[in-house]
Amino acid sequence: RATPEADPITSIAQRLLSLRGSPPGTQASISESEIKLITTRVRPILLSQPMLLELEAPLKICGDVHGQYSDLLRLFEYGGFPPQAN
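Just so it is clear, the model here is predicted, and its values are computed rather than measured. (Residues numbered from 1 in each chain as written. Predicted model: local features only at pLDDT ≥ 70, side-chain atom pairs only at ≥ 80, totals over all residues. Heavy atoms only, no water.)

Enquirer: I keep staring at the packing of helix H1 (residues 8-17) against helix H2 (residues 32-48) and nothing clicks. Help me out?
Expert: A pair of packed helices is captured by two measures, namely the crossing angle of their axes and the spacing between those axes. Their axes nearest at 11 Å, the elements H1 and H2 cross at an angle of 115°. Crossing geometry of H1 relative to H2 is assigned as left-handed. Side by side, H1 and H2 meet where Pro8, Ile9, Ile12 and Arg15 of the first sit next to Glu34, Leu37, Ile38 and Arg41 of the second. Partitioned by chemical class, the residues of the contact of H1 with H2 number 5 nonpolar, no polar and 3 charged. (Axes fitted to C-alpha atoms, helices over the stretch in contact; angles between N-to-C directions. Helix = DSSP H or I, 4+ residues; strand = E, 2+ residues; numbered from the N terminus. Left-handed = near helix turned anticlockwise from the far one by under 90°. Contact = heavy atoms within 4.5 Å. Nonpolar A, V, L, I, M, F, W, Y, C, P; charged D, E, K, R; others polar.)

This is the structure:
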């Protein structure tokens, strides 16, 4: 198994998380091949998760971020970052 430093997903995540605190609209540099890698890796994970989740309180519920990455980062800061929070 690859070390976290050698894992391309970890590298992409670290680059994206480095944008925390940047003004909204700051561009993130992700190549088409990196996007394809992410979607290829995430598909089986999403398909393996159940359609109905039985959750227990307390919960933090948020709406759609409409593609605003800065809003998504703010929600993670409030509710926790994966994998510590799901």
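Having seen it, we continue.
Enquirer: How do you make sense of a nonpolar patch on the surface when you look at a structure like this?
Expert: On the surface, a cluster of nonpolar side chains totalling about 460 Å² of accessible area is made up of Ile30, Ile35, Ile38, Val42, Ile45 and Leu46. According to the relative accessible area criterion, Ile30 is partly exposed, its value standing at 30%. (Patch = residues over 30% accessible without salt bridge, like charges linked within 9 Å, V, L, I, M, F, W, Y side chains within 5 Å. Areas by Shrake-Rupley, 256 points an atom, 1.4 Å probe, with all protein chains shown as cover. Salt bridge = Lys/Arg side-chain N within 4 Å of Asp/Glu carboxyl O. Buried < 20%, exposed > 50% of the residue type's maximum accessible area, 1.4 Å probe, protein only.)

Enquirer: What am I meant to see in the pattern of salt bridges here?
Expert: Applying the stated criterion across every chain yields a total of 4 salt bridges. In this structure, the salt-bridge partner of Arg15 is Glu34, at a minimum N-O distance of 2.9 Å. Of this pair, Arg15 sits in helix H1 while Glu34 is found in helix H2, placing the two residues 19 residues apart along the sequence. A salt bridge links Lys36 to Glu32; its shortest N-O distance comes to 3.2 Å. Of this pair, Lys36 and Glu32 both sit in helix H2, 4 residues apart, which is roughly one turn of that helix. Residue class for Glu32 comes out exposed when judged on its relative accessible area of 57%.

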